[in-house]
Amino acid sequence: QVQLVESGGGLVQAGGSLRLSCAASGGIFSNYAVGWFRQAPGKERAFVAAINWTGSTTNYADSVKGRFTISRVNAKNTVYLQMNSLKPEDTALYYCAARLFRSSDYPGSYDYWGQGTQVAVSS
């Protein structure tokens, strides 16, 4: 059983930056791919970025390419999402999720989820 805890959200002006963290406990973290998803009010949960178990493969939603970077430090059981050039449309509750080995952009394929961290971007 893997437990995930997100942190790092907050309120930032457009053009600013935030770094989200996803800290894991339980299980063998280095065996898990991690994805970041977000959900805005009244909208479905959407894929943001994902990284595979070794960190060798990353993928991003088109809306965040070139602005967001996902990375992991297995020694710290943590995955990060660096978010730069934030826009008001990035406002959402951000979740991290874990599944074994290969990453995916489909939320239903993930086995473990955190509780989320709120990101708000003002114009």
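Definitions and cut-offs
Residues numbered from 1 in each chain as written. Predicted model: local features only at pLDDT ≥ 70, side-chain atom pairs only at ≥ 80, totals over all residues. Heavy atoms only, no water. Buried < 20%, exposed > 50% of the residue type's maximum accessible area, 1.4 Å probe, protein only. Helix = DSSP H or I, 4+ residues; strand = E, 2+ residues; numbered from the N terminus. Pairing = 2+ DSSP bridges. Salt bridge = Lys/Arg side-chain N within 4 Å of Asp/Glu carboxyl O. Contact = heavy atoms within 4.5 Å. Patch = residues over 30% accessible without salt bridge, like charges linked within 9 Å, V, L, I, M, F, W, Y side chains within 5 Å. Areas by Shrake-Rupley, 256 points an atom, 1.4 Å probe, with all protein chains shown as cover.

Engineer: Tell me what's going on with the pairing of strand 1 (residues 3–7), and back it up with residues and numbers.
Structural biologist: Covered by surrounding structure in strand 1 are L4 and E6 only, the residues Q3, V5 and S7 on the alternate face being uncovered. Pairing analysis gives five bridges linking strand 1 to strand 3 (residues 18–25), with the strands arranged antiparallel. Note that in strand 3 the partner of E6 across the bridge is C22.

Engineer: Can you explain the pattern of salt bridges? Please cite residues and give values.
Structural biologist: Counted by the stated rule, this structure contains three salt bridges. D90 is the partner of R38 in a salt bridge, and the nearest nitrogen-oxygen pair spans 2.9 Å. Highlighted residues: R38 in strand 4 (residues 32–39) and D90 in the loop between strand 8 (78–83) and strand 9 (92–100), separated in sequence by 52 residues. Across the pair, D90 and R38 agree in class, each one buried. Bridged by salt links that share partners, the residues R38, R67 and D90 form one connected network.

Engineer: For the environment of A97, give the residues involved together with the corresponding values.
Structural biologist: Residue placement: A97 occurs in strand 9. Setting aside residues no more than four positions away along its own chain, A97 makes contact with L4, A33, V34, G35, F37, Y110, Y112 and W113.

Engineer: Summarise a nonpolar patch on the surface; cite the residues concerned and give the values.
Structural biologist: A grouping of W53, L100 and F101 is seen on the molecular surface, where their side chains present a nonpolar patch of about 260 Å² in accessible area. Following the sequence through the fold, F101 ends up in the loop between strand 9 and strand 10 (112–113).

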